[in-house]
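Reading the structure
The primary structure of each chain is shown beneath.
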Amino acid sequence: MPNEKTQKKTIPFIQAKKEKKEKIVAITAYDFPVAKIVDQCGIDLILVGDSLGMVVLGYENTIPVTMEDMIHHTRPVVFASKSALVVGDMPYFSFHLSNEESVYNASRFLKEAGASAVKIEGASKKRLKLVEALVEAEIPVMGHVGLTPQSIYHFGQFKVKGKEIDEAENIVQDALSLEKAGVFSVILECIPMEVARIITEKLEIPTIGIGAGPYCDGQILVFHDLVGFSNGYLPKFVKKYVDIHEVISRAVKGYIDDVKKGTFPDSNCSYHFKSEKLDELIKNEDQKRGKKKK
Ligand code: KIV
């Protein structure tokens, strides 16, 4: 439930939405101004995704993203989020060695950045043990199955997972195992909508889809994709609600034109000296110039 004093959305609130058949609406954010806008719009959950690496830091994939990057970007999102639940995404190799080190890294999202939960990709046996260890350490965890971008070198390319029976069955099993291990919800990325439906019906915890069709309990999109920040390739599952690339380009080109033509700044955009003292100021400065010339 949202905490009554702060109206902050909580994990039980997010989970109750599944029971009430109300959709969970999630989005990514990586900084204060965007988090503030999406929070004020009424988003339920903000994921500070390691997609940060691709949409903000300019990397080709999410592999180079570090714990320091994630903490640095999660903190302002938490500051801005008065209502949304904030989840921090554990970057590649922050949860791949010992459980001890992984739990410590996860704890930094809560202690240093103020997030309410962490997300980890995958559902290997080792990963499931880690979920148990995180839950044991009072760190709520969100799972992530289907296309898991941190496995890019393993997969070879970003493409839909679970199109064949074996792979689909594995993804269903992964989601069930994560639920058993204790995750509070699970992201389903880039899988056929029919497979997402089976998982959503089997799980008691909410499923949040991205490229997983309409039957998930909730949806998440990368903020920069849905506002059209990039004018490059976008996956089929993205709906671009505005072309912010075009809006920003138009504004910046207008600014360039105005400065070049001298139409910006005009008098309205400028500060003014007191008119009754202006003559005196000019006279004084002229006199100083006259003295210098002599
Ligand atoms: O990093 C991210 O933004 C994600 C979402 C795509 C779910 O993991």
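Remember, it's a predicted structure, so these values are computed and weren't measured experimentally. (Residues numbered from 1 in each chain as written. Predicted model: local features only at pLDDT ≥ 70, side-chain atom pairs only at ≥ 80, totals over all residues. Heavy atoms only, no water.)

1. A few points about the overall build of the protein
Within the protein, the secondary structure is distributed over 12 helices and 8 strands. For a compact globule of 294 residues, the expected C-alpha radius of gyration is about 19 Å, and the protein comes in at 25 Å, more than 25% above that figure. In the protein, buried positions account for 45% of the 294 residues. When contacts within the protein are restricted to residue pairs at least 6 apart in sequence, long-range pairs at least 24 apart make up 58% of them. (Helix = DSSP H or I, 4+ residues; strand = E, 2+ residues; numbered from the N terminus. Rg over C-alpha atoms; globule rule 2.2 N^0.38 Å. Buried < 20%, exposed > 50% of the residue type's maximum accessible area, 1.4 Å probe, protein only. Contact = heavy atoms within 4.5 Å.)

2. Focus: the site of the ligand
Around the ligand, a shell composed of Thr28, Leu47, Gly49, Asp50, Ser51, Asp89, Lys119, His144, Ile187, Glu189 and Ile210 is seen. Contact between the ligand and Asp89: an oxygen atom at 3.2 Å from a side-chain N or O atom of the residue. Its residues assigned to classes, the shell around the ligand comprises 3 nonpolar, 4 polar and 4 charged. (Near = heavy atom within 4 Å. Polar contact = N/O pair within 3.5 Å; in protein donor to acceptor, adjacent residues only side chain to side chain. Nonpolar A, V, L, I, M, F, W, Y, C, P; charged D, E, K, R; others polar.)

3. Some points on the domain arrangement of the protein
If you check the domain split of the protein, you get domain 1 (11–226) and domain 2 (248–293). Distance from the C-alpha centre of domain 1 to the C-alpha centre of domain 2: 52 Å. (Domains from an automatic or database assignment.)

4. Some details on helix H5 (residues 99–111)
The terminal C-alpha atoms of H5, which comprises 13 residues, lie 18 Å apart, in line with the 18 Å expected from a rise of 1.5 Å per residue. For H5, every residue scored as buried is listed here: Ser102, Val103, Asn105, Ala106, Ser107, Arg108 and Phe109. (Expected span 1.5 Å × (residues − 1).)

5. Topic: unusual backbone geometry
A cis amide bond links Phe264 with the next residue in sequence, Pro265, at an omega value of -5°. Locating Pro265 in the fold gives a position in the loop between helix H11 (244–261) and helix H12 (275–293). Positioned with a positive phi, Phe93 is a non-glycine residue whose angle comes to about 70°. For Phe93, the position within the fold is in the loop between strand S3 (85–89) and H5. According to the relative accessible area criterion, Phe93 is partly exposed, its value standing at 44%. With a phi close to 65°, Glu138 is a non-glycine residue in the positive phi region.

6. As for the pairing of S3
Most of S3 is tucked away, with 5 of its 5 residues classed as buried. Following the chain from S3 across H5 to the adjacent parallel strand S4 (residues 117–119), one finds a crossover that is right-handed. (Right-handed = clockwise from strand over helix to strand, strands pointing away.)

7. Concerning the packing of helix H8 (residues 165–181) against helix H9 (residues 193–202)
Where H8 contacts H9, the two axes come as close as 10 Å, and the packing angle between them is 25°. With respect to each other, H8 and H9 are oriented roughly parallel. Between H8 and H9 lies a crossing whose hand is right-handed. Contact residues: Ala168, Ile171, Val172, Ala175, Leu176 and Glu179 in H8; Val195, Ile198, Ile199 and Lys202 in H9. Taken together, the residues of the contact of H8 with H9 break down into 8 nonpolar, no polar and 2 charged. (Axes fitted to C-alpha atoms, helices over the stretch in contact; angles between N-to-C directions. Parallel < 35°, antiparallel > 145°, perpendicular 65-115°, else oblique. Left-handed = near helix turned anticlockwise from the far one by under 90°.)

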